2 protein chains.
Amino acid sequence: MKIIYLFEEGSKEMKELLGNKGAQLCEMYRIGVPVPPGFVISTKACISYFKERKLSDDLKQKVIEALKEIEKRTGKKFGDKKNPLLLSVRSGAPVSMPGMMDTILNLGLNDEIVEELAKSNEWFAYDTYRRFLSMFGEIVMNIDKDKFEEIMNKWKEIEKVKSDQELSVNALKEIVKEYKELYKLPSPQEQLFMAIEAVFKSWNNERAIHYRKIHNLPDDLGTGVVIQAMVFGNLGEDCLTGVAFTRNPSDGKKELYGEFLINAQGEDIVSGRRNPMPISILKEKFPEIYKELLEIGEKLERHYKDMQDIEFTVEKGKLYILQTRTAKRTAKASVKIAVDMVNEGIIDKKEAITRIDANSLEKLLHKQIKKTDNLKIIARGLPASPGAAVGKICFSADKASMIGDKEKVILVRNETTPDDIHGVVKSQGILTARGGITSHAAVVSRGLGIPCVVGCSALKINEEEGYIEVNGTILKEGDTIAIDGTTGEVILGEVELIEAELIEELKKLLEWADEYRRLKVYANADLPEDAKKALYFGAEGIGLCRTEHMFLGNRLPIVREMILDKSKKREAFKKLLEEQKKDFFELFKVMDGKPVVIRLLDAPLHEFLPKYEDLVEKKIKGRFSSKEKIIFEKVKELKEVNPMLGFRGVRLAIVEPEIYKMQARAIIEASIMAMENGYKAIPYIEIPIVSDANEIKEIKKYIIKEIEKVFKEKGKEIDYKIGAMIELPRACFVADEIAKEVDFISFGTNDLTQTTFGYSRDDAEEEFLGIYFEKKILEKDPFSVLDEKGVGELMKIAVNKARKIKGKEIEIGICGEHGGEPNSIRFCHKIGLDLVSCSPYRIAIARLSAAQASIIDNNK
Amino acid sequence: MKIIYLFEEGSKEMKELLGNKGAQLCEMYRIGVPVPPGFVISTKACISYFKERKLSDDLKQKVIEALKEIEKRTGKKFGDKKNPLLLSVRSGAPVSMPGMMDTILNLGLNDEIVEELAKSNEWFAYDTYRRFLSMFGEIVMNIDKDKFEEIMNKWKEIEKVKSDQELSVNALKEIVKEYKELYKLPSPQEQLFMAIEAVFKSWNNERAIHYRKIHNLPDDLGTGVVIQAMVFGNLGEDCLTGVAFTRNPSDGKKELYGEFLINAQGEDIVSGRRNPMPISILKEKFPEIYKELLEIGEKLERHYKDMQDIEFTVEKGKLYILQTRTAKRTAKASVKIAVDMVNEGIIDKKEAITRIDANSLEKLLHKQIKKTDNLKIIARGLPASPGAAVGKICFSADKASMIGDKEKVILVRNETTPDDIHGVVKSQGILTARGGITSHAAVVSRGLGIPCVVGCSALKINEEEGYIEVNGTILKEGDTIAIDGTTGEVILGEVELIEAELIEELKKLLEWADEYRRLKVYANADLPEDAKKALYFGAEGIGLCRTEHMFLGNRLPIVREMILDKSKKREAFKKLLEEQKKDFFELFKVMDGKPVVIRLLDAPLHEFLPKYEDLVEKKIKGRFSSKEKIIFEKVKELKEVNPMLGFRGVRLAIVEPEIYKMQARAIIEASIMAMENGYKAIPYIEIPIVSDANEIKEIKKYIIKEIEKVFKEKGKEIDYKIGAMIELPRACFVADEIAKEVDFISFGTNDLTQTTFGYSRDDAEEEFLGIYFEKKILEKDPFSVLDEKGVGELMKIAVNKARKIKGKEIEIGICGEHGGEPNSIRFCHKIGLDLVSCSPYRIAIARLSAAQASIIDNNK
């Protein structure tokens, strides 16, 4: 089995085998990008390692052989004191997991070699040695990193310096001495084998497992190991190290973007310990290097047809590319880059459409802080992940993780580390005092779409005493602040957040998407304001207008009268009719010429009365008015064991037809009123909780009669449609019979998921679903992502049965929350639905997902 | 279109066209049974009539022609005063609906004819005339029957006689005179046409519609009309009329059984107005007639291969058979007759098995009154429908119908009429003062399997004042009595009812059934007593042992400790383990060598704690102990919105594994204990509320470990199986994945029906299902009869998926209530289940139904 690949033996297609980092290094080598010589140990070797729990002799042998090739190419020799070859040993999984696994740099040093090195550059020699000793000690020898930090800090104090760079050679020598007392450094060759093993092991460290869980990555791929000659950015003032994006990862602008540090190694940037310089300064200070980097960037972009994230090092004026990978970017950048690349002729429209993670668009429509005169901007940091957030200050990831579900928190840290991930995901926003826009906090936040401000050096965080000093202001844990990840501002106190608008590039992308998609996209909207928002985002109709809210607010007293007092029922219905008519008229006005699916009352009557528990309390306390007594009796009568499966929707309407009669009349009267006012209403009347076609027949009997009556009274007619909401398994099996009775059906997949799984959402989420996800009993939350195995099968059955009766004559849609979720939309496309309906804010996602589904479907 | 059939033109196969009565008359005519000449108007004519709402001229023409044929055969002439032909005009639907539609006898009379008739037999002439006038008046002319009764009663009072027969000729003449003042009698021919129309119309009278609804008969068949020469049982003392069953309809004994009246017309018997003589007296008084009747009875039985119910009349010593039909009989008789007929060589075993209505067996296992020394037998009537009943006296059908759902009532009437049917069905038992064993009350009760005592002449019912006098005792409405329909006894006060045992013939029939059935029949039984009963009725195993009850009673305090006090959890589990072990051991002892499917705890924990509402009340009243405070907090925590879809069964077990661990251990320890005591335990461990195969995997992980531990501790191993209860739609769709994990699956169709329809049974039955059945939105109650369209389709999907993985290796059963319902069992057979499990009392039904399913399946 071939387990080691020289760079010329691999290519970018071999990610699975070589890991992403390794494959990209091979690819760069092949296309002539200057990379330090090296080779890759394949992921297969990692998988074997986890079976055998030790490095095989075969692997060791082959490593030694490959090493000889590097020695030949560099003219240096591993372990040789005169002309030593130093190595970097880096992890690289098939799917990049930045910062999650281990890396060891400067490997191959020992006292003798360092002594020799010191002859030419003493400071460099000891600086590199102390870096290697602590890195090797921490990662390979498992020594607590605090011990190294302590020694380091002690010497900084002794020398009264702030940064590592300022330490004297003497101090460095002392540090090395003290480091060496912590463990015994093995021989260079032993170092190499131990480092390889440590990298393998890091595939299964806690951080990495957690990361894979969050990102839904499989656990059995293993990592590759890249072994490469070291190049040094810390050999002097003509040396530097940096990170560059070929475009701006925040907003997508076409420009080299990144940072660098002179006389430093890469880890100094990533760790956020030193504040690096922006790449614009590179252009000033090293114009030749900048130019070469720019050219390499363009070359890589054209080659990979995507924006790249490049690590580079300049050793004594010579530029080396250490790594390239598809760059992470904000949703906003992602859209802009995709659209720009189409315009630049790099990719085509289909590629642009399918490249965007549809879910990410939600992040794109970021909230902004409402500008007012009295915003107290107390500090400014680097804008690292766009969007605004408000919340209570939280100093630790543990705490944020604990309370983040219940309260809005902003995690405030000097810097974040991969260990903080559990707190980051539960925070509204991240604010750090240190680090740049490629620091851990920044990268992770952008990936998760969480607003983030980094490098806000004005923050003096005193974790132990639990306060922050910011330019004279004292903030305590629990105080409310806001951050703006788009501007870098930190604001004191509560602020109002406002919704964002569609950016131009997204509009363009969605226009392209509209050319490709087959599914229509409607919105779930109850109020005229929602409808307006839906239209703005591109909705072609309203797929679900719930009428429950029309029975609340100032109508509640009328509704209660209707329920409680038979003698006032007629009067109550009359009043409600007038109110509903207005509701529908306003909606029709906004949606002029577009369909509006109105679901007749779905909720059980007891939802309009006070809660039983509250009444009992009052009753026992003897504070019952005679009216409350009547209410109490009715509440008792209507009380249900399982209201979700109870007396509601069409069931209620069959027993008490007046409600639907009134609603049908209101819809039709409003439609005619719209017509008389120059608008076009296209009403779809939808009947909820259907389990049998006879239910529809029964309802149709009387509402059609009522509608005909309205036509006669008004002397005018309008087109309308009647449909059924399919949200019970039984309805799916009789969808053919239902299809005979209706013009359209719409899947209510929220309830369908509840009944298919037998999960009461209210109870399940609180009581056991969390543990189900944790134990991986369910891979995904079926209330978020449509369950194709069960719910999806039911939908397929229903669609087939309905189409068998009416073919394309019957309109079939979905209006559960899944209607705005990309995977679910893909499924809806596949099984032949006509439309998806979702919340106005997810319309963009739905338009894009629908187009992606069409494109993927046609490519197959 | 041929719409009229002479008797020789029809046959018994033509029921649909000629109605049952007409077809049987034709058949009798063909096989040489003496029937009066006549013809039949087909049901098609009736259907046409309902379209046109009048008799067609064509029909009238053809009636006149057919009439001529009768005139030829009888030598009499319709409407002729010298030698008049009188006719009976009778209804007869394709499916017999006794007493529900109308009949007119003695048709063709008028003043002139009667005058002539009177010359030879004056009393007969006027008696017949007054009968005809009232019957025609009531049925055809729609005159209130009370008016005729009033006149009749007035003359009885004047002449101080009790029965109609005792009236003088003079009185009859006066009665006729007064009757004729009520309406104008049309000409004989007009009478005939009007009578035909009235019979047609009676197809759609309220009684008939109600009857068809109860018996699930279609409304569009129409009735035939039989027109036949009258023969007279009331021409003198050598005339009689009677009803005879070829076997005893109560117990199935082979004997002529029935009653007759001398000098009477048939209606005198059916109406129950005169108390007839038993057929044994016919044997004494008219041995020749008796012999001829016996022979005809046997001939008809052999011909029809079933017991017959014969109406006969003797006119001047000549026997005529007026009607034969398959006799209604009690379930007990039905079984005995089927078994006897196999033994007599009339039918074969398969016929015997398929002939029995499996549902009726439930009635067969009738309750009996527990004999004690102090039973107060206050009267005796005729035993008309077997079984015993206890309840409160109710004087009216309306009242019985109203309160019969909530309370047990005995309907007590002088006699019942078809108008009383709504009250009869809601009563536990029927008791009448008048009428014989073929009276309305008797026939209807037997059909419905309701215990009934008739002709209890000791009852003096004073309806208006609301009391009964019985041999000196006064009973008021609402007082409790018992009746024994097997013995005819009426008993005062509350009595204890006991279950009956299998009769010999049923045992035989079920043995035969066992030869044919493929489905195994198990019982749902939780306790050793239930298990014993199940074995007695022939169960081959326990298909569902619920363990909930094992957490109640004296174990409840332990269970509460387990839930409430973490520190005592361990101890509580230990105690519960010992208790459960005993429970299972006792069950294994009884079921020695037969499988026992034990369902692990299914109920949510809050079911073992006090009700929230009760605690709230107590809390508000300030009467909370500190322990109650803890309980209240826990109850609040565990409270659910929809407990049916909540935190229970496997879900609870995944979050809190200790309960299932303990139960698995108890099962296995008990099995080993059984083995050590010489019994063979075959435990099946069943996991409830499964929605995904991963749930099973998770549970198996730890219970198998626990079981292995027990094996190690005890140094013994036993076979056991693990299975899943499939009661959620999702589980059906992943039944293949589930099948990989389990040895057996069992459909819990109660819950599966709830989730498939989205009906909470508790709420639906109370709030809307009644109206759904009334409005025929649902044809049948899906909780009683398995819904094949939805639930059944899900089961099919699951069976196919499971069999695809494991073929016949996986055992598939059903343990919902449907497992004891014949239609549902048929369905389970068809889709290839291995077993049905039902309540012990329905085992017999299940054995028979399973055999019927096999036989029907093989015949196809």
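None of the values given here were measured: they were computed from a predicted structure.

Conventions adopted
Residues numbered from 1 in each chain as written. Chains lettered and ligands numbered in written order. Predicted model: local features only at pLDDT ≥ 70, side-chain atom pairs only at ≥ 80, totals over all residues. Heavy atoms only, no water. Helix = DSSP H or I, 4+ residues; strand = E, 2+ residues; numbered from the N terminus. Buried < 20%, exposed > 50% of the residue type's maximum accessible area, 1.4 Å probe, protein only. Contact = heavy atoms within 4.5 Å. Areas by Shrake-Rupley, 256 points an atom, 1.4 Å probe, with all protein chains shown as cover. Lys, Arg positive; Asp, Glu negative; His and termini not counted. Charge placed at Lys NZ, Arg CZ, Asp CG, Glu CD. Pairing = 2+ DSSP bridges. Axes fitted to C-alpha atoms, helices over the stretch in contact; angles between N-to-C directions. Least-squares fit on C-alpha atoms with pLDDT ≥ 70 in both. Core = buried A, V, L, I, M, F, W, Y, C linked by side-chain atoms within 4.5 Å. Patch = residues over 30% accessible without salt bridge, like charges linked within 9 Å, V, L, I, M, F, W, Y side chains within 5 Å. Salt bridge = Lys/Arg side-chain N within 4 Å of Asp/Glu carboxyl O. Phe/Tyr/Trp six-rings, centres within 6.5 Å; stacked < 30°, edge-to-face > 60°. Buried area = accessible area lost by both parts, 1.4 Å probe. Polar contact = N/O pair within 3.5 Å; in protein donor to acceptor, adjacent residues only side chain to side chain. Nonpolar A, V, L, I, M, F, W, Y, C, P; charged D, E, K, R; others polar. Disulfide = S-S within 2.5 Å. Parallel < 35°, antiparallel > 145°, perpendicular 65-115°, else oblique. Expected span 1.5 Å × (residues − 1). Arc of directions from axis to C-beta.

Draft legend 1. Spotlight on the overall build of chain A. Along chain A, the regular secondary structure elements total 35 helices and 33 strands. Viewed in the frame of its principal axes, chain A has a C-alpha envelope of about 105 × 60 × 50 Å. Per-residue burial over chain A gives 59% buried out of 860 residues. Taking all contacts inside chain A whose residues are at least 6 apart in sequence as the whole, residues at least 24 apart take part in 68%. Of the roughly 34900 Å² of accessible surface on chain A, 47% is carried by carbon and sulfur atoms. Within chain A, the 141 negative side-chain charges are centred at a point lying 3 Å from the centre of the 136 positive side-chain charges.

Draft legend 2. Seen up close, the sheet that holds strand E29 (residues 682-687) of chain B. Residue and element names in this part refer to chain B. A barrel is described by the order of its strands in space; here eight strands give the closed sequence E26-E27-E28-E29-E30-E31-E32-E33, paired in parallel fashion. Across this sheet, the average inter-strand angle for adjacent strands is 25 degrees, counted without regard to direction. The sheet contact formed by strand E26 (residues 520-524) and strand E27 (residues 542-546) spans two bridges and is parallel. In the sheet register, asparagine 524 faces E27, and the bridge partner there is leucine 544. Together, E26 and strand E33 (835-838) form the strand contacts of helix H35 (residues 843-859), whose direction differs from that of E26 by roughly 160 degrees.

Draft legend 3. Spatial organisation of the relation of the copies chain B and chain A. Superposing chain B onto chain A takes a rotation of 180 degrees combined with a translation of 0.2 Å along the rotation axis, leaving an RMSD of 0.2 Å. Both chain copies can therefore be described as sitting about a two-fold axis. A share of 100% of the interface residues of chain B reappears at the interface of chain A, consistent with the copies meeting face to face through the same patch.

Draft legend 4. Structural context of the nonpolar core. In this structure, A:Phe747, A:Met795, B:Phe747 and B:Met795 are the most contacted members of the largest nonpolar core, which totals 332 residues. When residues no more than four places from it in sequence are discounted, the contact partners of B:Phe747 are B:Ile726, B:Cys732, B:Leu752, B:Met795, B:Ala798, B:Val799, B:Ile812, B:Gly813, B:Ile814, B:Cys815, B:Gly816 and B:Leu833.

Draft legend 5. Inspection of the sheet that holds strand E15 (residues 382-385) of chain A at higher detail. Residues and elements named next belong to chain A. Judged by pairing direction, the sheet is mixed, and its eight strands sit side by side in the order E14-E24-E23-E16-E17-E18-E19-E15 without closing on themselves. Edge positions in the open sheet fall to strand E14 (376-380) and E15, since each of these has one partner strand only. Shown here is a sheet whose adjacent strand axes are inclined to one another by a mean of 35 degrees, direction ignored. Relative to strand E18 (residues 429-432), strand E17 (residues 409-413) runs parallel, the two sharing four bridges. Each bridged residue has a counterpart across the sheet, and for valine 412 the counterpart in E18 is leucine 431.

Draft legend 6. Structural context of a negative patch on the surface. All names here are of chain A. A cluster of acidic residues, Glu138, Asp144, Asp146, Glu149 and Glu150, forms a negative patch on the protein surface. For the negative patch, the leading source of residues is helix H6 (residues 145-158), giving three residues. Within the element layout of this structure, glutamate 150 appears in helix H6.

Draft legend 7. Looking closely at the pattern of salt bridges. Throughout the structure, instances matching the rule amount to 148 salt bridges over all chains. Across the salt bridge formed by A:Arg73 and A:Glu8, the nearest N and O atoms sit 2.4 Å from each other. Taken together, the positions of A:Arg73 in helix H3 (residues 57-74) and A:Glu8 in the loop between strand E1 (4-6) and helix H1 (15-30) put the pair 65 residues apart, joining distant regions of the chain. Looking at A:Arg73, the relative accessible area reads 34%, which means it is partly exposed. The salt bridge involving B:Glu505 is made with B:Lys336; its shortest N-O contact spans 3.5 Å. You can see B:Glu505 sitting in helix H19 (residues 504-516) and its partner B:Lys336 sitting in helix H13 (residues 331-343), a full 169 residues away along the chain. One salt-bridge network, held together by shared partners, links A:Lys581, A:Arg665, A:Glu669, A:Glu706, A:Lys709 and A:Glu713.

Draft legend 8. Structural context of the packing of aromatic side chains. All names here are of chain B. This structure, assessed with the given rule, holds 38 aromatic pairs over all chains. Taking 5.4 Å as the distance between ring centres and 35 degrees as the angle between the ring planes, the aromatic pair formed by tyrosine 49 and phenylalanine 200 counts as tilted. Taken together, the positions of tyrosine 49 in helix H2 (residues 43-52) and phenylalanine 200 in helix H8 (residues 188-202) put the pair 151 residues apart, joining distant regions of the chain. Given the relative accessible area of 3%, tyrosine 49 is considered buried. Here tyrosine 612 and phenylalanine 632 contribute two aromatic rings whose centre-to-centre distance is 5.8 Å and whose plane-to-plane angle is 15 degrees, an arrangement assigned as stacked. Of this pair, tyrosine 612 sits in helix H23 (residues 612-620) while phenylalanine 632 sits in helix H24 (residues 626-638), and the two are 20 residues apart along the sequence.

Draft legend 9. Spatial organisation of the interface of chain B and chain A. Listed as interface residues are 54 residues of chain B and, on the opposing side, 54 residues of chain A. Note on chain B versus chain A: buried area summed over both sides is about 4900 Å², and carbon and sulfur give 58% of it. Across the chain B-chain A interface, the total number found is six salt bridges. Residues A:Lys789 and B:Glu737 are paired through a salt bridge, measuring 3.0 Å at the closest nitrogen-oxygen approach. Scanning the region where chain B abuts chain A turns up 30 residue pairs in polar contact (both at pLDDT 80 or more). Among the residues making up the side of chain B that touches chain A, the classes are represented as 25 nonpolar, nine polar and 20 charged.

Draft legend 10. Structural context of the state of the cysteines. Residue and element names in this part refer to chain B. Applying the stated criterion to the full structure yields zero disulfides over all chains. Counting only cysteine sulfurs, cysteine 456 is the nearest neighbor of cysteine 452, a cysteine outside any disulfide, at a range of 11 Å. The class for cysteine 452 is buried, based on a relative accessible area of 0%.

Draft legend 11. Layout of helix H21 (residues 556-564) of chain B. Of the positions making up H21(B), those classed as buried are B:Ile558, B:Val559, B:Met562, B:Ile563 and B:Leu564. Its buried side turned inward, H21(B) meets helix H22 (569-590), H24 and helix H26 (658-676) of chain B.

Draft legend 12. Representation of the pairing of strand E20 (residues 459-462) of chain A. Residue and element names in this part refer to chain A. Covered by surrounding structure in E20 are Leu459 and Ile461 only, the residues Lys460 and Asn462 on the alternate face being uncovered. Where E20 and strand E21 (residues 467-470) come together, four bridges link them in antiparallel fashion. Counterpart to isoleucine 461 in the pairing with E21 is isoleucine 468.

Draft legend 13. Structural detail: the packing of helix H2 (residues 43-52) of chain A against helix H8 (residues 188-202) of chain A. All names here are of chain A. Running from N to C, H2 and H8 point in directions that differ by 85 degrees, and their axes come no closer than 10 Å. Considering their axes alone, H2 and H8 lie roughly perpendicular with respect to each other. On H8, the residues touching Ala45, Cys46, Tyr49 and Phe50 of H2 are Glu197, Phe200 and Lys201. Here the residues of the contact of H2 with H8 are counted per class, giving five nonpolar, no polar and two charged.

Draft legend 14. How the structure looks around helix H24 (residues 626-638) of chain A. In this model H24(A) runs 19 Å from its N-terminal to its C-terminal C-alpha over 13 residues, within 8% of the 18 Å that 1.5 Å per residue would give. Along H24(A), the residues that are buried comprise A:Glu628, A:Ile631, A:Phe632, A:Val635 and A:Leu638. With its buried residues spanning 135 degrees around the axis, H24(A) presents them on a single face. Summarising the geometry of H24(A), the exposed residues directed more than 90 degrees from the buried face are A:Ser626 and A:Lys629. Structurally, H24(A) contributes buried residues whose contacts are with helix H21 (556-564) and helix H23 (612-620) of chain A together with helix H31 (761-767) of chain B.

Draft legend 15. Up close: the environment of A:Asp420. All names here are of chain A. Relative to the assigned elements, aspartate 420 resides in the loop between E17 and helix H17 (421-424). With a relative accessible area of 7%, aspartate 420 lands in the buried category. Between the C-alpha atom of aspartate 420 and that of serine 163, which follows or precedes it by 257 residues, the distance is 24 Å. Not counting residues within four places of it along the chain, the set of residues in contact with aspartate 420 comprises Ala397, Arg413 and Glu415.

That is the geometry; function is a separate question.
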